[in-house]
Amino acid sequence: MSEMHKIFWGVFGLCAVGAVLTGMSDDGDNAGDMPPTPAGEALALSGPVPSAPGDMHGGAIRLRREVDGHFYASPSIEGAQMNVLVDTGASFVALTGEDARAAGLYWSESDVRPIARGASGVVEGVPMMIDRIELNGTEIRDVEAAVIPEGLSVTLLGQSFLQRFDKVAIEGDTMVLSQD
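An account of the accompanying structure is given in this report. Within each chain, residues carry numbers counting from 1 in the order of the written sequence. For a predicted model such as this one, the threshold for reporting local features is a pLDDT of at least 70, and the threshold for listing and counting side-chain atom pairs is 80 or more; totals across whole chains, interfaces and linings nevertheless cover every residue. Side-chain descriptors were evaluated using all non-hydrogen atoms of the structure, hydrogens and water having been removed beforehand.

**Topic: the overall build of the chain**
Let me state the cut-off plainly: Only DSSP runs of H or I reaching four residues or more are called helices, and only runs of E reaching two or more are called strands; each is numbered from the N terminus. Whether a residue is buried, partly exposed or exposed follows from its accessible area with a 1.4 Å probe, protein chains only, as a fraction of its type maximum: under 20%, in between, or over 50%, in that order. Here, residues are in contact when the closest pair of their heavy atoms is within 4.5 Å. All accessibility values rest on the Shrake-Rupley procedure with a 1.4 Å probe; residue burial counts only the protein chains present in the view.
Per the secondary structure count, the chain includes four helices and twelve strands. Counting every position in the chain, which comprises 180 residues, the buried fraction comes to 44%. A fraction of 59% describes how many contacts in the chain between residues 6 or more apart in sequence connect residues 24 or more apart. Of the accessible surface of the chain, which amounts to about 9,100 Å², a share of 50% is contributed by carbon and sulfur atoms.

As structure tokens, this is what we get:
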């Protein structure tokens, strides 16, 4: 493992993933306030606004704040469409085991290892690279990620994706992602 990757995963251990795993967002609101979703049923989210790439104002992706106070998106990860939580406090993209399998990302139990320490204890997962994530016509390639097979209720779109944009801003109830 390269020195840069060691640093990345070391920093990850100190990031806000522990807070997310315990149901706390980076602003202190309880993410556990979301209504429970029956097993196997996708969350009904309004997703990016506007939803059609041709409607994007100035090439920006705009996401509406949902009633639970969080921002969600519906990217394609490795060609699989999914609903994710946009988490500016997460260092990288963290996929649930179910979403990772839907995206064609596989691992064995022997690949799972401690990758961080969060508020709820040791976080176990599998570090990997995602070839491509597409959101509203914008494709981002080679994104650092980890599969968290257990304990994560929703995939997180974190900084390893967001930092590829020139601007990530919250304007009222809208998150704006744009590239100059």
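Having seen it, we continue.
**Re the pattern of salt bridges**
Using the following cut-off: Salt bridges, as used here, are contacts in which a Lys or Arg side-chain nitrogen is within 4 Å of a carboxyl oxygen on Asp or Glu.
According to the stated counting rule, one finds five salt bridges in the structure shown. Here Asp 173 ties to Arg 65 by a salt bridge, and the two come within 2.9 Å at their closest N and O atoms. With Asp 173 in the loop between strand 11 (167-171) and strand 12 (174-178) and Arg 65 in the loop between strand 1 (61-64) and strand 2 (71-73), the pair connects residues that are 108 residues apart, well separated along the chain. With a relative accessible area of 49%, Asp 173 lands in the partly exposed category. The residue Lys 167 makes a salt bridge to Glu 171 at a minimum N-O spacing of 3.4 Å. The class for Lys 167 is partly exposed, based on a relative accessible area of 36%.

**Describing the environment of Glu 124**
Within the secondary structure, Glu 124 sits in strand 8 (residues 121-135). Owing to a relative accessible area of 43%, Glu 124 belongs among the partly exposed residues under this scheme. C-alpha of Glu 124 to C-alpha of Val 112: the two residues are twelve residues apart in sequence and 6.2 Å apart in space. Here Glu 124 is in contact with Val 112, Arg 113, Pro 114, Ile 115, Val 147, Ile 148 and Pro 149, once residues within four sequence places are set aside.

**Quick look at the pairing of strand 6 (residues 93-96)**
Quick reminder of the rule: When DSSP finds two or more bridges between two strands, those strands count as paired.
Neither face of strand 6 is left uncovered, since the one carrying Val 93 and Leu 95 and the one carrying Ala 94 and Thr 96 both have all their residues buried. Pairing geometry for strand 6 and strand 9 (residues 138-148), over four bridges, is parallel. Within strand 9, the position partnered with Ala 94 by the bridge is Ala 146.

**What to know about the packing of aromatic side chains**
The cut-off we apply is this: In summary, the pairing rule links any two rings of Phe, Tyr or Trp, Trp by its six-membered ring, whose centres are within 6.5 Å, and it sorts them by plane angle into stacked for under 30 degrees, edge-to-face for over 60 and tilted for everything else.
In the structure shown here, the tally under the stated rule is one aromatic pair. For the ring pair Phe 161 and Phe 165, a centre distance of 5.4 Å and an interplane angle of 65° mean the geometry is edge-to-face. For the pair Phe 161 and Phe 165, one class covers both residues: buried.

**Quick look at a negative patch on the surface**
What counts is decided by this rule: Only residues whose relative accessible area exceeds 30% and that take part in no salt bridge are eligible for patches, with like-charged residues grouped when within 9 Å of each other and nonpolar side chains (Val, Leu, Ile, Met, Phe, Trp, Tyr) grouped when within 5 Å. Positive: Lys, Arg. Negative: Asp, Glu. His and the chain ends are not part of the count. To locate a charge, take NZ of a lysine, CZ of an arginine, CG of an aspartate or CD of a glutamate.
Taken together, Glu 109, Asp 111, Glu 124 and Glu 150 make up a surface patch of like negative charges. Summarising the element assignment, Glu 109 is placed in the loop between helix 3 (97-102) and strand 7 (113-118). Taking relative accessible area as the criterion, Glu 109 reaches 63% and is therefore assigned exposed.

**Some thoughts on the environment of Ser 108**
Where we set the bar: Side-chain atoms alone can form a polar contact between residues adjacent in sequence; in general such a contact is a pair of N or O atoms within 3.5 Å, and within protein one must be able to donate a hydrogen while the other accepts it.
Its place among the elements puts Ser 108 in the loop between helix 3 and strand 7. Ser 108 sits 18 residues away from Val 126 along the chain, and the two C-alpha atoms are 9.2 Å apart. There is a polar contact of 2.7 Å between the side chain of Ser 108 and the side chain of Ser 110.

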